Amino acid sequence: MDSRPEDFCFAAVGDVHGHMHRMVRCVQDKAAKARRVPAFVLQVGDFEPHRHEADLATMSAPAKYRHLGDFPAYHAGRARFPWPVHFIGGNHEPYGFLEQQPDGFELVSQCHYLGRVGVIELHGLRVVGLSGIHREERFQTPRPSVSLLGRVSPKDFISFTEQDVRASPRARAGRRAAAARLALGHHRSG
């Protein structure tokens with residue numbers, strides 16, 4: 001029997017900026033107050049899963065904002081997410097790492113990148129995620145190969161493109177594809 005949306009709850013979190021421990025505490029606190037355990041967490045960009053200093057070099061951000069954060073503890077197995085976390089990329093991600101698997105992958109146990117354009121079914125809820133931000137000046141320009149990082153700006157990787165939008169499951173399959181019940185995107189402020 002499939003779960004119905006009213007049979008579960010989930011948390012949606014934005015702009016963690018590498019503070020995974022803080023995110024976990026916040027979701028646990030809200031769950032305790034609501035007396036409900038989330039089935040999963042959706043993170044809508046600026047998650048910043050930097051494993052080490054080399055990942056920081058592939059992030060588009062001023063130097064004063066580049067920090068490893070808490071993810072190395074999760075990557076090394078010293079910390080664990082209490083529920084599945086599914087995230088999309090924002091404008092501050094280690095795209096040198098994430099672009100190696102543009103269709104998405106599990107970074108560590110309970111932590112899954114949805115990819116540039118990803119679809120996942122969670123408890124009967126169809127979720128579509130589009131990584132990056134909209135930048136009109138880059139929308140129709142194909143993203144460079146990740147192999148060019150270091151020769152091109154990390155900023156060339158922070159936006160989604162027309163090609164990404166066309167690659168979405170609904171666009172590929174036409175109107176016959178099941179519609180998403182929830183769409184994830186990232187908005188940069190400023």
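Anything mentioned here points back to the structure above.
## Observations regarding the sheet that holds strand β6 (residues 117–122)
Pairing in this open sheet of three strands is mixed, and the strands run β6-β7-β8 from one edge to the other. Two strands lie at the open edges of the sheet, namely β6 and β8 (182–184), each paired on one side alone. For this sheet the average axis-to-axis angle between neighbouring strands, irrespective of direction, equals 20 degrees.

## Some words on the nonpolar core
In terms of nonpolar packing, the biggest core is built from 28 residues, with Met23, Phe47, Tyr74, Phe81, Leu98 and Leu107 touching the most fellow members. Elements that contribute at least two residues to this core include exactly β1 (11–13), α1 (20–34), α3 (71–75), β3 (85–87), α4 (95–98), β4 (105–108) and β5 (111–113). At four residues, α1 tops the list of elements feeding residues into this core. When near neighbours in sequence (up to four residues on either side) are disregarded, Leu98 contacts Pro49, Phe87, Glu93, Phe105, Leu107 and Tyr113.

## Re the environment of Phe105
Counting through the fold element by element, Phe105 comes out in strand β4. Judged by its relative accessible area of 14%, Phe105 falls in the buried class. In sequence terms Phe105 and His86 are 19 residues apart; their C-alpha atoms lie 9.9 Å from each other. Once residues within four sequence positions are removed from consideration, Phe105 is found in contact with Phe97, Leu98, Cys111, His112 and Tyr113.

## Re the sheet that holds β5
Sheet architecture is open: five strands sit in the order β1-β2-β3-β5-β4, paired in mixed fashion. A strand with exactly one partner marks an edge of an open sheet, and here the two such strands are β1 and β4. Within this sheet the neighbouring strands show an average axis-to-axis angle of 25 degrees, counted without direction. For β1 and strand β2 (residues 41–43), the ladder comprises three bridges, and the chain directions are parallel. Residue pairing in the sheet places Ala12 in a bridge with Leu42 of β2.

## Section: the pattern of salt bridges
Within this structure, the stated rule accounts for eight salt bridges. Among the ionic pairs, Asp29 bridges to Lys33, the shortest N-O distance being 3.3 Å. Taken together, the residues Asp29 and Lys33, both in helix α1 and four residues apart, mark about one turn of the helix. Judged by its relative accessible area of 37%, Asp29 is partly exposed. With a closest N to O distance of 2.9 Å, Asp55 and Arg51 form a salt bridge. Salt bridges here are not isolated pairs; linked through shared partners, they connect Glu99, Arg116, Arg143 and Asp164.

Calculation rules
For every chain, the first residue of its written sequence is number 1, and the numbers climb from 1 along that sequence. In view of the model being predicted, local features appear only for residues whose pLDDT reaches at least 70, and side-chain atom pairs are presented and counted only at 80 or more, with totals across whole chains, interfaces and linings using the full set of residues. Side-chain measures here rest on the full set of heavy atoms in the structure, leaving out hydrogens and waters. When DSSP finds at least two bridges between two strands, those strands are taken to pair. Counting from the N terminus, the helices are the DSSP runs of H or I reaching at least four residues and the strands are the DSSP runs of E reaching at least two. Axis definition: a line fitted to C-alpha atoms, over the contacting stretch in the case of helices. Angles run 0 to 180 degrees between N-to-C directions. Nonpolar core, defined: a set of buried Ala, Val, Leu, Ile, Met, Phe, Trp, Tyr and Cys residues in which side-chain atoms within 4.5 Å join the residues together. Only protein chains enter the area calculation, which uses a 1.4 Å probe; residues under 20% of their type maximum are buried, those over 50% are exposed, and those in between are partly exposed. Contacts: residue pairs with any heavy atoms within 4.5 Å of one another. Whenever Lys or Arg places a side-chain nitrogen within 4 Å of a carboxyl oxygen from Asp or Glu, that contact is recorded as a salt bridge.

Nothing here speaks to function; it is geometry throughout.
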